[in-house]
Amino acid sequence: MRFIKSALAFGITFLNGTVTTAFSMTMSASKSTLYDLPVSNNGARCRIIKYKKNIPDEEVEIKSPMELGGLKTPEYLALNPQGKMPLLAIKDGISIPESDTICRYLLSTYGNGPDFMIDDPRSNLVARIHDMYITTIQGCLYKAAPPFGIYATRSDALQELQKQLKVIDDLIPDEKDGPYLFGNEVSLGDASLFPTMVFIDSMLPKFGITDGVPSKLGSWFSTVREQDADFAKVYDEVQGGIQAWENNGRWDEIWLAGLRDTAPETIFDKLIGGDIPASVVYEDDKVFAFKDINPAAPAHILVIPKDRMNLSGLRKSSPEHVEILGKLLVAAGEISKNKELGFGDGGARIVINDGEDAGQEVPHLHVHVLGGRSMVWPPG
Ligand SMILES: N[C@@H](CCC(=O)N[C@@H](CS)C(=O)NCC(=O)O)C(=O)O
């Protein structure tokens, strides 16, 4: 059995900062359990460490979180309140979530094999960019609905993902003497990024993005897989999980993958594109507002999404549209206060006609903002 020297200092600190009690102890490493699934990219970086350092199952055993009932059960949450995998349960009730922390624990505990710590700070930078800016939004590749980290739309998150790939690509040297990111020594940067690249490589094309992986990154990804059996093994594990998702039709209903806006363009696209002149009263990157050419009130503005996103009518809305629907209403509220457009102090009527019976004429969601006179109820 392996023994780990671990000086754990326990202290009780009073308000004046004086430590009144402290002791240290030596712990023996009994078997640890890595809760993880083959498809988990963050877990796969820990598996790369386990494989490369030949850590036997007798020391670090891999189990499915389902053995504790799943990620969101009280039993699992007691070990990792974030309800995420991977999680390494070590001993004496200590559990370590967060793949980077798990990897560093494994590296400092098990001496065999490469140490993954190379003399190039760009390795840590790749891992950091991956953790801060890529895994936080990776759900845009496979999750049913936004938000994806700080992004409220899938297309914004997909764009950001590609930007981060470019940032990492720029860190990779043009010339290097080995298959890994920074030469012939495997690093934490390689282990962190590679499993996520399995996701990106197979999922970006589902969104019609075939040129999303820049060239140095693409060639590192294929070379390391060809030349390193442990990376190839992890590739197969993650890919097997993705294939199972595929077989279950995971992307069939995902916006911009299986689900796209196939309805014909309308006159509104011509107004947005400037092919037909419009009396534009407001415009930003997502919203377009213009005067109705057949006004039904002294002030009558239409507020529309620039990208229809399948919203030929409000009935097509889904959680994918939460951001644009909010933006349309905020813009409508602003416009309804604009006296120069003919709106008064008494308020406005803000209407969405959804479908033929409601009087919708153009199949591109539009919010009517009507004002400058008092309205009757019920509407006709
Ligand atoms: N920052 C964490 C991220 C962990 C994470 O997002 N894990 C995913 C699987 S790769 C997960 O558990 N997702 C399920 C969920 O969030 O419900 C790490 O590096 O371990």
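These numbers were taken from a predicted model, which means no experiment stands behind them.

Visitor: Can you walk me through the site of the ligand in this structure?
Guide: Contacts to the ligand come from Ser 40, Asn 41, Asn 42, Arg 45, Leu 71, Lys 72, Gly 83, Lys 84, Met 85, Pro 86, Glu 98 and Ser 99. One of the backbone N or O atoms of Met 85 is found 2.7 Å from a nitrogen atom in the ligand. Relative to its unbound accessible surface of 500 Å², the ligand loses 79% to contact with the protein. Along the lines of polarity and charge, the residues of the shell around the ligand split into three nonpolar, five polar and four charged.

Visitor: Is there a simple way to think about the domain arrangement of the protein chain in this case?
Guide: How big an interface is tends to be expressed through the accessible area that disappears when the partners come together. Here the protein chain is partitioned into domain 1 (25–115), domain 2 (117–260) and domain 3 (267–371). Its C-alpha centre places domain 1 at a distance of 52 Å from the equivalent point of domain 3.

Visitor: Would you take a moment to explain helix H6 (residues 188–203) for this structure?
Guide: Given 3.6 residues per turn, any residue in an α-helix points the same way as the ones three and four places further on. Under the 1.5 Å per step criterion, the end-to-end length of H6 is 23 Å for 16 residues, consistent within 8% with the ideal 22 Å. Largest kink in H6: about 30 degrees, centred on Phe 194, with the proline Pro 195 one to four residues after it. Counting buried positions over the 16 residues of H6 gives 15, a clear majority of the element.

Visitor: Would you take a moment to explain the pairing of strand S7 (residues 280–283) for this structure?
Guide: A regular strand places its side chains on the two faces of the sheet in alternate fashion. Strand direction decides the pairing type here: S7 and strand S8 (residues 287–291), joined by three bridges, are antiparallel. Note that in S8 the partner of Val 280 across the bridge is Phe 290.

Visitor: Please clarify how the packing of helix H5 (residues 154–171) against helix H7 (residues 215–227) should be interpreted in this entry.
Guide: Helices that pack against each other are described as a pair by the angle of their axes relative to one another and the distance between those axes. Packing of H5 against H7 brings their axes to within 8 Å, and their N-to-C directions diverge by 75 degrees. Overall, the two elements H5 and H7 adopt an arrangement that is roughly perpendicular. Of the residues in H7, those touching H5 at Leu 165, Ile 168, Asp 169 and Asp 170 are Ser 215, Lys 216 and Leu 217. Across the contact of H5 with H7, the residue classes tally to three nonpolar, one polar and three charged.

Visitor: What's the story with the environment of Ala 44 in this structure? I'm lost.
Guide: With respect to the helices and strands, the residue Ala 44 is situated in helix H1 (residues 41–52). With 150 residues separating them along the chain, Ala 44 and Phe 194 place their C-alpha atoms 8.8 Å apart. Once residues lying within four places of it in the same chain are set aside, the contact partners of Ala 44 are Asp 36, Pro 195, Val 234 and Val 238.

Visitor: I tried to follow the UniProt feature "active site" (unreviewed entry) in the protein chain on my own but got confused; where do I start?
Guide: UniProt's entry tags His 366 with the feature "active site" (unreviewed entry), counted in the numbering of this structure. Judged by its relative accessible area of 6%, His 366 is buried. Leaving out residues up to four positions away in the same chain, His 366 has contacts with Phe 268, Leu 302, Val 303, Ile 304, Val 351, Ile 352 and Gln 360. Within the local environment of His 366, its side chain forms a polar contact with the backbone oxygen of His 364, the two atoms lying 2.7 Å apart.

Visitor: Just checking my understanding: could you explain the packing of H1 against helix H3 (residues 99–109) for this structure?
Guide: Relative to each other, H1 and H3 sit at 10 degrees, their axes nearing to 9 Å. Classed by the angle they form, the pair H1 and H3 counts as roughly parallel. Listed contacts from H3 to Asn 42, Arg 45, Cys 46 and Ile 49 of H1 are Ser 99, Asp 100, Ile 102, Cys 103, Leu 106 and Leu 107. For the contact of H1 with H3, the residue count by class is six nonpolar, two polar and two charged.

Rules used throughout
Residues numbered from 1 in each chain as written. Predicted model: local features only at pLDDT ≥ 70, side-chain atom pairs only at ≥ 80, totals over all residues. Heavy atoms only, no water. Near = heavy atom within 4 Å. Polar contact = N/O pair within 3.5 Å; in protein donor to acceptor, adjacent residues only side chain to side chain. Areas by Shrake-Rupley, 256 points an atom, 1.4 Å probe, with all protein chains shown as cover. Nonpolar A, V, L, I, M, F, W, Y, C, P; charged D, E, K, R; others polar. Domains from an automatic or database assignment. Helix = DSSP H or I, 4+ residues; strand = E, 2+ residues; numbered from the N terminus. Expected span 1.5 Å × (residues − 1). Bend = angle between axes of the 7 residues up to and from the residue. Buried < 20%, exposed > 50% of the residue type's maximum accessible area, 1.4 Å probe, protein only. Pairing = 2+ DSSP bridges. Axes fitted to C-alpha atoms, helices over the stretch in contact; angles between N-to-C directions. Parallel < 35°, antiparallel > 145°, perpendicular 65-115°, else oblique. Contact = heavy atoms within 4.5 Å. UniProt positions renumbered as here; feature names shortened; annotations may be inferred.

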